[in-house]
Amino acid sequence: MKQINESHVAVPGLAVVEVAAADDDTAFAVQELLGARCAIAPSDHTTRAPGEPGVRLRCFLDLRQAPDA
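Note that the structure is predicted; figures quoted are calculated from it, not measured. (Residues numbered from 1 in each chain as written. Predicted model: local features only at pLDDT ≥ 70, side-chain atom pairs only at ≥ 80, totals over all residues. Heavy atoms only, no water.)

Peer 1: Can you lay out the pattern of salt bridges for me, pointing to particular residues and giving the numbers?
Peer 2: In total, this model carries three salt bridges according to the counting rule given. Of the charged contacts in the structure, one is a salt bridge between Arg-56 and Glu-52, with a shortest N-O distance of 2.9 Å. The class for Glu-52 is partly exposed, based on a relative accessible area of 44%. (Salt bridge = Lys/Arg side-chain N within 4 Å of Asp/Glu carboxyl O. Buried < 20%, exposed > 50% of the residue type's maximum accessible area, 1.4 Å probe, protein only.)

Rendered as structure tokens:
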């Protein structure tokens, strides 16, 4: 995954969430739960790190906005 840069967390209310899960379905379920609570820039894929268990997913949240805003 690329580095998190300053613009991702430039103001209060912006957040980057990285999910570690056993499988894609679980990671996307967590992302869906987050998306029901706040505006989200979702990921459409997970990544796997060699030698590490499970998958990773990163999404970007804006707690200042409602979902689908």
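Peer 1: Pulling in residues and values, what's your account of the side chain of Thr-46?
Peer 2: With respect to the helices, strands and loops of the structure, Thr-46 is situated in the loop between strand 2 (39–41) and strand 3 (55–62). Reaching out from Thr-46, the side chain makes a polar contact with the side chain of Asp-24 at a distance of 2.6 Å. Excluding anything up to four places from it in sequence, Thr-46 contacts Asp-24, Ala-27, Phe-28, Val-55, Arg-56 and Leu-57. (Helix = DSSP H or I, 4+ residues; strand = E, 2+ residues; numbered from the N terminus. Polar contact = N/O pair within 3.5 Å; in protein donor to acceptor, adjacent residues only side chain to side chain. Contact = heavy atoms within 4.5 Å.)

Peer 1: Please provide a residue-by-residue account of the sheet that holds strand 2, values included.
Peer 2: In space, the three strands of this open sheet follow the order 1-3-2, with antiparallel pairing throughout. Single-partner strands in this sheet number two, and they are strand 1 (14–21) and strand 2. Averaged over all adjacent pairs, the angle separating strand axes in this sheet is 35 degrees, with direction ignored. Summarising the sheet, strand 1 and strand 3 pair through eight bridges and their orientation is antiparallel. In the sheet register, Ala-15 faces strand 3, and the bridge partner there is Leu-61. Strands in contact with helix 1 (residues 24–35) are strand 1, strand 2 and strand 3; relative to strand 3, the strand with the most contacts, it is inclined by about 10 degrees. (Pairing = 2+ DSSP bridges. Axes fitted to C-alpha atoms, helices over the stretch in contact; angles between N-to-C directions.)

Read these as spatial facts, not as claims about activity.
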